[in-house]
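# A look at the structure
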Amino acid sequence: MNKILTLIFIFFYFISNAQIEQKAFVYGGQVTKAFIKYTAELTNKKKPKICFIPTATADSQRYINYWYELCSDLNIEPKVMKVWINSSTQKKSFEEILLNMDAIIVGGGNTLNMLAIWKAQKIDLALKKAYEKGIIIAGGSAGSLCWFNAGTTDSRPKELTIVKGLSFLDYSHCPHYHSEKSRKPLYHKNILEKKLTNGYACDDKSGILFINGKPKRSVSLDTESFSYYVYEKDGQIFEEKLTSEIIK
């Protein structure tokens, strides 16, 4: 009997200490049905609960409606977490909401304002807990930049500037890599000048899956869109195009 109990203890010890896979799916542009579907598949759930966070557009109702429209014929439970709320009507904390999801998708918009609100509301800490728990994190534009250590943003007046992210992924990032002409040369310049670390850039219709902080797969919506690893070596900039799988 003691031997059986010992074996049971060892089994559950290894199960409880097995590494939880931390998955992040980032793409260069706005949310699409194909990207939502791909995120859902990463959860390995039959009907996953996926929460959309539209903080970067100030909880735009138009953006929320678009989210529900995209999800209307997908086999998921679409949710939305607003930050413009009132304590009299919302009885669950942001952490309680997020930790009850299978995946979290962050929308585009003003990265700087979004991060400031998250930190004020401690949503950044809740997202960290969700990520460490194995809940999928995803997003594009502001919703991809936020997960990296830093990148350039149009969140301030006049010009693109550097913003620090949450550093769940310890690389720099550039969304909209080819769709906005100023993005690519500025990204290269900032890496060469050591203002940004080496990192990953994504075209609007391309994305990268990271598992435990490392890139594992690149996917694209068409054959013209790609993701890239951009790095400095011996004072020169290099760009490696990632091989992409086409998803629909």
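Up top you'll find the structure we're talking about.
The next thing to look at is the overall build of the protein. In terms of helices and strands, the protein carries 8 helices and 14 strands. Radius of gyration (C-alpha) of the protein: 19 Å, near the 18 Å computed for a compact globule of 248 residues. Across the 248 residues that make up the protein, the buried fraction comes to 48%. When contacts within the protein are restricted to residue pairs at least 6 apart in sequence, long-range pairs at least 24 apart make up 67% of them. Computing the positive centroid from 34 side-chain charges and the negative centroid from 25, the protein places the two 5 Å apart.

With that out of the way, let us pick up the sheet that holds strand β8 (residues 169-174). Pairing is mixed across the open sheet formed by 6 strands, whose spatial order is β7-β6-β8-β9-β12-β13. This sheet does not close on itself; its edge strands, each paired only once, are β7 (161-164) and β13 (236-241). Within the sheet, the average angular offset between the axes of one strand and its neighbour, ignoring direction, is 30°. Judged from the 6 bridges that link them, strand β12 (residues 227-233) and β13 form a sheet pairing that is antiparallel. From the neighbouring strand, Lys 233 faces β13, where its bridge partner is Gln 236.

The mixed open sheet is built from 8 strands, whose spatial order is β3-β2-β4-β5-β1-β10-β11-β14. On the outer flanks of this sheet lie β3 (77-80) and β14 (244-246), each paired with one strand and no other. When the angles between neighbouring strand axes are averaged without regard to direction, this sheet yields 25°. Of the strand pairs in this sheet, strand β4 (residues 103-106) and strand β5 (residues 136-140) are connected by 4 bridges, and their pairing is parallel. Within the sheet, the bridge partner assigned to Ala 103 lies in β5 and is Ile 136.

This part covers unusual backbone geometry. With phi around 60°, Lys 122 is a residue other than glycine that occupies positive phi space. With respect to the secondary-structure elements, Lys 122 resides in the loop between α5 (111-121) and α6 (123-133). Taking the relative accessible area as the measure of exposure, Lys 122 reaches 58% and is therefore exposed. Although it is not a glycine, Asn 212 sits at a positive phi angle of roughly 50°. Considering the arrangement of structural elements, one finds Asn 212 in the loop between β10 (206-211) and β11 (214-220). Exposure remark for Asn 212: the relative accessible area of 29% places this residue in the partly exposed category.

With that settled, the discussion passes to the side chain of Thr 153. Along the polypeptide, Thr 153 turns up in strand β6 (residues 148-153). On the basis of relative accessibility, which here comes to 1%, the residue Thr 153 falls in the buried class. Engagement of the side chain of Thr 153 in a polar contact is seen with the side chain of Ser 155, the distance being 2.5 Å. Those residues in contact with Thr 153 that lie beyond four places of it in its chain are Thr 111, Leu 145, Glu 159, Leu 160, Thr 161, Val 163 and Arg 183.

We now examine the pairing of β8. The buried count for β8 comes to 5 of 6 residues, which makes it a mostly enclosed element. Where β6 meets β8, 3 bridges bridge the pair, whose relative direction is parallel. Its bridge partner lying in β8, Phe 148 is registered against Leu 169. Inspection of the sheet shows β8 paired to strand β9 (residues 199-202) by 3 bridges, in the parallel sense. Bridge pairing in β9 places Cys 174 opposite Ala 201. Note on the crossover from β8 through helix α8 (residues 183-192) to β9: the handedness is right-handed.

Cut-offs and rules
- Residues numbered from 1 in each chain as written.
- Predicted model: local features only at pLDDT ≥ 70, side-chain atom pairs only at ≥ 80, totals over all residues.
- Heavy atoms only, no water.
- Helix = DSSP H or I, 4+ residues; strand = E, 2+ residues; numbered from the N terminus.
- Rg over C-alpha atoms; globule rule 2.2 N^0.38 Å.
- Buried < 20%, exposed > 50% of the residue type's maximum accessible area, 1.4 Å probe, protein only.
- Contact = heavy atoms within 4.5 Å.
- Lys, Arg positive; Asp, Glu negative; His and termini not counted.
- Charge placed at Lys NZ, Arg CZ, Asp CG, Glu CD.
- Pairing = 2+ DSSP bridges.
- Axes fitted to C-alpha atoms, helices over the stretch in contact; angles between N-to-C directions.
- Polar contact = N/O pair within 3.5 Å; in protein donor to acceptor, adjacent residues only side chain to side chain.
- Right-handed = clockwise from strand over helix to strand, strands pointing away.

In short, geometric facts, not functional conclusions.
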